[in-house]
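Take a look at the letters that make up each chain.
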Amino acid sequence: MSYQIKNYKNSLRWLTDAVSLSTGKKYLMGFTGFFLIMFLMVHLFGNMLLLKHDGGLAFNAYSKSLLTNVLIRVIEIFLFAGFILHIIFGITVSIQNKNARGKQYAVKSNITSSFFSRHMIETGSFILIFLLIHLKTFFYAHRIMDSNLTMYESVVMAFQNIYYTGFYVFIMILLSFHLMHGFQSAFQSFGLNHNKYSPLIKIIGLFYAVVVPGLFALIPFYIYMEKITLQ
Amino acid sequence: MEITLKIWRQGSQESKKAKGAFETYKLNDIQEDMSFLEMLDVLNEKLLHEGFEPVAFSHDCREGICGSCGVVINGRAHGPLKGITTCQLHMRHLKKFTTLVIEPWRAKAFPVIKDLVVDRSAFDRILQAGGYISVNTGGVPDANSILIGKHIADEAFVAASCIGCGACVAACPNASANLFVSAKISHLALLPQGQPEKHHRVESILKAMDKEGFGNCSNAGACEYECPKGITLKNIAKLNREYFEAVFSASLEEHPTHAHHGKGDESMHVGH
Ligand code: HEM
Ligand code: SF4
Ligand code: FES
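Residues numbered from 1 in each chain as written. Chains lettered and ligands numbered in written order. Predicted model: local features only at pLDDT ≥ 70, side-chain atom pairs only at ≥ 80, totals over all residues. Heavy atoms only, no water.

1. Describing the overall build of chain B
Our working rule: For the purposes of this entry, the term helix denotes a DSSP run of H or I that reaches at least four residues, the term strand denotes a run of E that reaches at least two, and both are numbered from the N terminus. Only protein chains enter the calculation, and the probe is 1.4 Å; a residue is then buried if its accessible area is under 20% of its type maximum, exposed if over 50%, and partly exposed in between. Residue burial considers only the protein chains on display, and all accessible areas are found by Shrake-Rupley using a 1.4 Å probe. The convention is simple: Lys and Arg are positive, Asp and Glu are negative, and His and the chain ends are not counted. Charge coordinates come from a single atom per side chain, which is NZ of Lys, CZ of Arg, CG of Asp or CD of Glu.
Of the regular secondary structure elements, chain B holds eight helices and nine strands. Considered along the principal axes of its C-alpha atoms, chain B spans approximately 75 × 40 × 40 Å. Counting all 272 residues of chain B, 52% fall into the buried class. In the structure as shown, chain B presents an accessible area of about 12,900 Å², 53% of it carried by carbon and sulfur atoms. Within chain B, the 32 negative side-chain charges are centred at a point lying 5 Å from the centre of the 29 positive side-chain charges.

Right under this line is the structure:
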């Protein structure tokens, strides 16, 4: 048998070939997942302005500044692409994984792997539903429809609704579950697993998975409680 | 000890159904010091005497080295103990159970042949795609002509201790074969003899793995938990790194005709 160097003729076929194999998909999930982790942190810093007692002054100024920043608008395209790829590949691998078992075991063990790792598609799907609602309330209303409310008013209105706030908090718990496995798992996907640093990654991952969704959930909870106590 | 067995029967006259079903058996003269497979031998003897077809299960060495004896016992590959194969499991380890549910490995890529016996030839085809090195058989090399660090030799040795039992696939929530494949990739990529072909190996071995219909790895770690030979997720990390490196290096493809030597840097001879 003889082999020749594959000529990709300056196309991106080498990349689509690479993510067509399972390990390539894994890299893509890890890469987009990690990108989303970075995004969540930036998003959280912005949201924390909602807790400032200034009637939304700082928050509105911040959300306006995002609109006029070219760099942010470019990153936004990558953000949408990152979400879409993460979702499409997440659903694809999950369907393949379900099919790969064939007949299910009559008795299943749940001590050999973590609950979080086994339910990434379930937690992810709920996050997806949330994402669509979230985009409708904020992105669609302000960016597509040109709402005459300020961003701060939109946020406060949404979070004064007990169902919206309840759902938001519920989703943040699921996001925490997603990240309990996801954070550390992304590094393993990149091939980074060593006694030197893996214990640290795991600790940072757990910390992130608790603190970031926790702070996100605190905001609507706070706004809702404020409404109740003012009544 | 007394024990109730629920055993998956498929493709034998016992089950009558091609789809397979569980059959229940009771044994009441089992000694604690019997091995699990000896307990199945006792059951089969009894079935034969009563005119029934014995339960088919694979076994060969019965000392934990051949990898053929895999079954799932109460949801655990090779039974509830860590780091052993089914043949190393003894009835005294199962004292806390009154019922044992015994199932074959479940994976699309491991179809059931009969009862508890599955076809693991998918593993053979994966290894045929790259689980080897091409060497020219010249004279006997001098001792220590290839230097390998002790820690590297040790790591390669641990990776090479995979016995191809398939417990990783059986235990994985996705029926993924990544642990098995990563053991082979690590073993060969760590050693100088495996390095010349390592980029092509990882690409063709992963292609073969996906083609067999195994699932994707989701880093759940059930494989590592159940592997009787202590192959760890670090090997899968190594597999991922090797793949990354291969993707960003030249890829090889099989050429329809024989490539000629000296055709310029576009062609390259690997193997023969
Ligand atoms: C901000 C939101 C999200 C973040 C931060 C996030 C983060 C992550 C991370 C870090 C991983 C681990 C990747 C790896 O193991 O290499 C992951 C895996 C996964 N995510 Fe997400 N994710 C998010 C949203 C979603 C959504 C909306 C879905 C919807 C389908 C989803 C589905 C999945 C699935 C199925 C996996 C497991 C993939 C596998 O088994 O290999 N995620 N996510
Ligand atoms: S990696 Fe472990 S569990 Fe998987 S086939 Fe090899 S020895 Fe068996
Ligand atoms: S019979 Fe050989 S490993 Fe169990």
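2. What to know about the interface of chain B and chain A
For clarity, the cut-off: Two residues form a contact once any of their heavy atoms are found within 4.5 Å. As used here, buried area is the combined drop in accessible area, with a 1.4 Å probe, of two parts when they are placed together. When a carboxyl oxygen of Asp or Glu is within 4 Å of a side-chain nitrogen of Lys or Arg, the pair counts as a salt bridge. The definition of a polar contact used here is a pair of N or O atoms within 3.5 Å, where within protein one atom must be able to donate a hydrogen and the other to accept one, and adjacent residues in sequence count solely through side-chain atom pairs. Each residue is assigned to one class: nonpolar for Ala, Val, Leu, Ile, Met, Phe, Trp, Tyr, Cys and Pro, charged for Asp, Glu, Lys and Arg, and polar for all the others, Gly among them. By the convention used here, strands pair only if DSSP detects at least 2 bridges between them.
Contact with chain B, which involves 67 residues of that partner, is made by 49 residues of chain A. Approximately 4,800 Å² of surface area, both sides summed, lies buried where chain B meets chain A, with 53% of it carried by carbon and sulfur atoms. On the surface where chain B and chain A come into contact, there are zero salt bridges. Run the count over chain B and chain A and you get 27 residue pairs in polar contact (both at pLDDT 80 or more). Where the side of chain B that touches chain A is concerned, the elements lending two or more residues are β5 (99-103), α4 (167-171), α6 (198-211), α7 (222-226), α8 (233-247), β8 (252-254) and β9 (267-268) of chain B. Broken down by element, the residue count for the side of chain B that touches chain A peaks at 10 residues, all from α8 of chain B. Residue classes in the side of chain B that touches chain A are distributed as 32 nonpolar, 20 polar and 15 charged. Pairing between strand β1 (residues 3-5) of chain A and β8 of chain B: three bridges, direction antiparallel.

3. As for the domain arrangement of chain B
All names here are of chain B. The following threshold applies: Start and end positions for the domains come from either an automated domain assignment or a database one.
Parsing chain B into structural domains produces domain 1 (3-114) and domain 2 (120-258). For domain 1 and domain 2, the distance between their C-alpha centroids amounts to 30 Å. Together, the buried faces of domain 1 and domain 2 total about 1,500 Å²; carbon and sulfur atoms form 59% of this surface. On the domain 1 side of the interface with domain 2, the three residues burying the most area are Trp105, Ala109 and Phe110, jointly 33% of the side's total.

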